[in-house]
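Chains, contacts and geometry: an overview
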Protein chains: 2
Amino acid sequence: MAVLVLGTVALDDVKTPSGVKKAMLGGSAAHFSMSARLFDDVHIVGVVGKDFPKAHRDFLRRKGVDLSALTVADGKTFRWSGEYKKEDLNSAITHDTRLGVLADYVPALTDRQRGMSHVFLANLAPVVQERLLSLMKAPALVGLDTMNLWINTALKDLRRLIKRADIFVLNDGETRLLTGERNLVKAAAAILAMGPRVVVVKKGEHGVYVVSRKFQFAFPAYPIGRVVDPTGAGDTFAGGMFGYLSKVRRMDEKSFRRAVIYGSVLASFNVEGFGMAKTAPLTIREADRRLKEYLQFSATA
Amino acid sequence: MAVLVLGTVALDDVKTPSGVKKAMLGGSAAHFSMSARLFDDVHIVGVVGKDFPKAHRDFLRRKGVDLSALTVADGKTFRWSGEYKKEDLNSAITHDTRLGVLADYVPALTDRQRGMSHVFLANLAPVVQERLLSLMKAPALVGLDTMNLWINTALKDLRRLIKRADIFVLNDGETRLLTGERNLVKAAAAILAMGPRVVVVKKGEHGVYVVSRKFQFAFPAYPIGRVVDPTGAGDTFAGGMFGYLSKVRRMDEKSFRRAVIYGSVLASFNVEGFGMAKTAPLTIREADRRLKEYLQFSATA
């Protein structure tokens, strides 16, 4: 079995209080793959330019990520340049976004990939996400992520997708933006009424709140005293959660809770280093060690 | 056994998106008593003016609160007037603070009260908190709360008290203000180094983070879709936590976790109504019903 993830593969320039890094491997699909790979095979669907370093491609392959649906197009790889200030390490300040080859990207899949059951639509334009979904034969589980840009500029497309998603993942700011409701409990309920089976609200350092028609729960974040670079934390979370669900092939409440915990634990590694510095070398054994600590940390009974 | 709580007994004028209420019974000691009374006898140490309504006094007595250390002084009862806006129900905007009889207040205790073991110094000027502490013979457990005003204007006095406190309770904003550190994990560690045995960081809708030299944990808040009035939520939390600790007479990690959960659960009732509308009629049976729900909600394993 395997997970198909559509999203960006990017070159990131990031500045945080801990330092500056240029042209790091980043993007929603790449970060997603770094945690999902711990549970299942991962196929990235996306596009890069001819400038995309061979070293990055080799790195992803070494990590077991299937790149047969990663298109190489004429032009430049998507590039994001951003900064996090000491006062609010939760919020990125975008300095520059160069779409490059992403501007004209149309996803393409092999026939085998079209038959895959677990597909995650990581942050990308809703029309591209929808296109990918239309290629899938009969997906059993569809995950969806988005960002404020699409809520502001492509709401109609996004709402069609939300209706079709099994699991809709978004952060607290996006939850409020999408609903105009400040109370997250009420906002998440409003989003649930838009059609997905489960709404997962990521709250960064404050943890995660999850609601479906059958259950709701909230977990704290694993405590991190030094956040180096939060870029990709949300994608790492989604990859851990979705990868686990793909592995166990269940969607009951207990499995879902464990999936969300894996997502949280893996995201906590992500923020401890620049880019994928901490998630790339990670083994499931190390993840399980922190998971055990986390269960102790968060135990209410 | 019993809990002694020093704090304000106030008349509150509150405006929230749900409405406007005038001259409600409020204050840190009063809100604290409403949850602590569910576990143990509560003695309020504080002051009111001659204008303090007999109905409020009778109400507290009916709830089993001992008022023998509630001084009645010439002058007006402490009055707080504030507002919460829809955009941020977590933060009060203070319109007016009239100290009245609080300005010249010196706490006094009966000899029996001086021998009590569990004393909580709810939000009040640090010099008054210190005075009360100096009256106690040999308290076994000292709790401390404060506010941004005292961090800004009486830091030296406050730091002496922090050193003597067993449990120091403060909110996320105060945690950052006191340490100048944005990361709550790091900030709480810095406060722990100031001397208390346990630091309890209240994060409102995001729950609570607790750290000591021996353990650390974090819990989410019970989900509340409609916050009517958050005034006194922190005091209700502290009263539930401290009242439970007084009842069980233990300070091991397991008891402390349960104490914090009771605090969280009781605070969730507080915000659902104006003033003490929801905490005043509460029985331990109803509290336990929500606690059971909460344990289900927050279970990570």
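How each quantity is defined
Residues numbered from 1 in each chain as written. Chains lettered and ligands numbered in written order. Predicted model: local features only at pLDDT ≥ 70, side-chain atom pairs only at ≥ 80, totals over all residues. Helix = DSSP H or I, 4+ residues; strand = E, 2+ residues; numbered from the N terminus. Rg over C-alpha atoms; globule rule 2.2 N^0.38 Å. Contact = placed C-beta atoms within 7 Å. Least-squares fit on C-alpha atoms with pLDDT ≥ 70 in both. Pairing = 2+ DSSP bridges. Axes fitted to C-alpha atoms, helices over the stretch in contact; angles between N-to-C directions. Core = buried A, V, L, I, M, F, W, Y, C linked by C-beta atoms within 7 Å. Buried ≥ 20, exposed ≤ 12 C-beta atoms within 10 Å, placed from the backbone. Nonpolar A, V, L, I, M, F, W, Y, C, P; charged D, E, K, R; others polar. Left-handed = near helix turned anticlockwise from the far one by under 90°. Right-handed = clockwise from strand over helix to strand, strands pointing away. Parallel < 35°, antiparallel > 145°, perpendicular 65-115°, else oblique. pLDDT = per-residue confidence, 0-100. Arc of directions from axis to C-beta.

1. Focus: the overall build of chain A
Tallying secondary structure elements over chain A gives 11 helices and 13 strands in all. Taken over C-alpha atoms, the radius of gyration comes to 18 Å for chain A, in line with the 19 Å a tight globule of 301 residues would show. If one aligns the C-alpha atoms of chain A with their principal axes, the spans along those axes are about 55 × 45 × 40 Å. The long-range share in chain A, meaning contacts at least 24 apart out of those at least 6 apart in sequence, stands at 67%.

2. Digging into the relation of the copies chain A and chain B
Its rotation angle being 180°, the transformation that places chain A on chain B also includes 0.0 Å of axial translation and leaves an RMSD of 0.0 Å. Such a combination of rotation and displacement between the chain copies is what one expects of a two-fold axis. Of the residues that chain A buries at the interface, 100% are likewise interface residues in chain B, meaning the two copies contact each other through the same surface.

3. As for the sheet that holds strand 2 (residues 10–16) of chain A
Residue and element names in this part refer to chain A. Taking strand neighbours across the sheet as the criterion, the four strands line up as 3-2-6-7 in an open arrangement whose pairing is mixed. Across the chains shown, the open sheet's two edge strands, defined by having one partner strand only, are strand 3 (19–26) and strand 7 (88–98). On average, adjacent strands in this sheet sit at an angle of 20° to one another, irrespective of strand direction. For strand 2 and strand 6 (residues 79–85), the ladder comprises five bridges, and the chain directions are parallel. Bridge pairing in strand 6 links Lys15 to Glu83.

4. With respect to the nonpolar core
Residues Val5, Phe168 and Val200 of chain A together with Val5, Phe168 and Val200 of chain B are the most contacted members of the largest nonpolar core, which totals 197 residues. Apart from residues lying up to four places away in sequence, Phe168 of chain B is in contact with Leu144, Ile162, Ile191, Pro196, Val199 and Val200 of chain B.

5. A short note on the interface of chain A and chain B
Between chain A and chain B, the contact holds 29 residues from the first and 29 residues from the second. The residue inventory of the side of chain A that touches chain B, partitioned by class, reads 15 nonpolar, seven polar and seven charged.

6. A word on the pairing of strand 13 (residues 216–219) of chain B
As paired strands, strand 12 (residues 208–212) of chain B and strand 13 of chain B are joined by four bridges and run antiparallel to one another. If you follow Tyr209 of chain B over to strand 13 of chain B, its bridge partner there is Ala218 of chain B.

7. Description of the packing of helix 7 (residues 172–179) of chain A against helix 8 (residues 184–192) of chain A
Residue and element names in this part refer to chain A. Where helix 7 contacts helix 8, the two axes come as close as 9 Å, and the packing angle between them is 65°. As helix 7 packs across helix 8, the resulting crossing turns out to be left-handed. For the pair formed by helix 7 and helix 8, the contact residues are Asp172, Thr175, Arg176, Leu178 and Thr179 on the first element and Leu184, Ala187, Ala188, Ala190 and Ile191 on the second. Taken together, the residues that form the contact of helix 7 with helix 8 break down as six nonpolar, two polar and two charged.

8. Some remarks on the sheet that holds strand 12 of chain B
Strand pairing in a sheet takes place through backbone hydrogen bonds and is either antiparallel or parallel in direction. Residues and elements named next belong to chain B. Strand order across the open sheet formed by nine strands is 5-4-1-8-9-10-11-12-13, with mixed pairing between neighbours. The sheet is open, and its two borders are formed by strand 5 (65–73) and strand 13, each paired with just one other strand. Direction aside, the axes of adjacent strands within the sheet are offset by 15° on average. Helix-sheet contacts for helix 4 (residues 126–135) involve strand 1 (2–6), strand 4 (41–49), strand 8 (118–121) and strand 9 (141–145), and the interaxial angle to strand 8 is about 170°.

9. Overview of the environment of Asp12 of chain B
All names here are of chain B. One can find Asp12 in strand 2 (residues 10–16). In this structure the C-alpha to C-alpha distance between Asp12 and Met24, which are 12 residues apart in sequence, comes to 5.0 Å. Here Asp12 is in contact with Met24, Gly26, Trp80, Thr231 and Gly275, once residues within four sequence places are set aside.

10. Concerning the pairing of strand 8 (residues 118–121) of chain A
All names here are of chain A. In strand 8, alternate side chains face the same way, and those of His118 and Phe120 on one face and Val119 and Leu121 on the other are all buried. Inspection of the sheet shows strand 1 (residues 2–6) paired to strand 8 by four bridges, in the parallel sense. From the neighbouring strand, Val5 faces strand 8, where its bridge partner is Phe120. Between the parallel elements strand 8 and strand 9 (residues 141–145), the chain passes through helix 4 (residues 126–135) in a crossover that is right-handed.

11. Side note on the packing of helix 10 (residues 253–270) of chain A against helix 11 (residues 284–298) of chain A
Residue and element names in this part refer to chain A. Two elements in contact, helix 10 and helix 11, have axes whose closest approach is 10 Å; the angle formed by their N-to-C orientations is 110°. Accordingly, the angle class assigned to the pair helix 10 and helix 11 is roughly perpendicular. Note on packing geometry: the crossing formed by helix 10 with helix 11 is right-handed. Residue-level contacts link Ile261, Tyr262, Val265, Leu266 and Ser268 of helix 10 to Ala287, Arg290, Leu291 and Tyr294 of helix 11. Grouping the amino acids of the contact of helix 10 with helix 11 by side-chain chemistry returns seven nonpolar, one polar and one charged.

12. Here we look at the confidence of the model for chain A
Scored by pLDDT, chain A has a mean of 97; 100% of the residues are at 70 or more. Per the prediction output, this complex has pTM 0.95; the corresponding ipTM is 0.93.

13. Considerations on the environment of Gly19 of chain B
Residue and element names in this part refer to chain B. Its place among the elements puts Gly19 in strand 3 (residues 19–26). Exposure remark for Gly19: the 10 C-beta atoms within 10 Å place this residue in the exposed category. Separated by 255 residues in sequence, Gly19 and Phe274 have C-alpha atoms that sit 8.8 Å apart.

14. Section: unusual backbone geometry
Residue Ala23 of chain A is not a glycine yet carries a positive backbone phi of 50°. The topology assignment puts Ala23 of chain A in strand 3. For Ala23 of chain A, a count of 17 C-beta atoms within 10 Å translates into the label partly exposed. With a phi close to 55°, Arg249 of chain B is a non-glycine residue in the positive phi region. Tracing the chain through its elements places Arg249 of chain B in the loop between helix 9 (233–248) and helix 10 (253–270).

15. Some points on the environment of Gly275 of chain B
Residue and element names in this part refer to chain B. Position of Gly275 among the secondary structure elements: in the loop between helix 10 and helix 11 (284–298). For Gly275, a count of 22 C-beta atoms within 10 Å gives the class buried. Measuring from C-alpha to C-alpha, the distance between Gly275 and Ser28 comes to 11 Å, with 247 residues separating the pair along the chain. Once you skip the residues sitting within four places of it in the chain, Gly275 turns out to touch Asp12, Lys21, Met24, Leu25, Gly26, Asp229 and Thr231.

16. A word on helix 7 of chain A
Residues and elements named next belong to chain A. All of the buried residues along helix 7 are Asp172, Glu174, Thr175 and Leu178. The buried residues of helix 7 occupy an angular sector of 165° when the element is viewed end-on, so they sit on one face. Summarising the contacts, the buried residues of helix 7 are in contact with helix 5 (148–153), strand 10 (167–171), helix 8 and strand 11 (198–202). Residue Gly180 follows helix 7 closely and has a positive phi angle near 70°.

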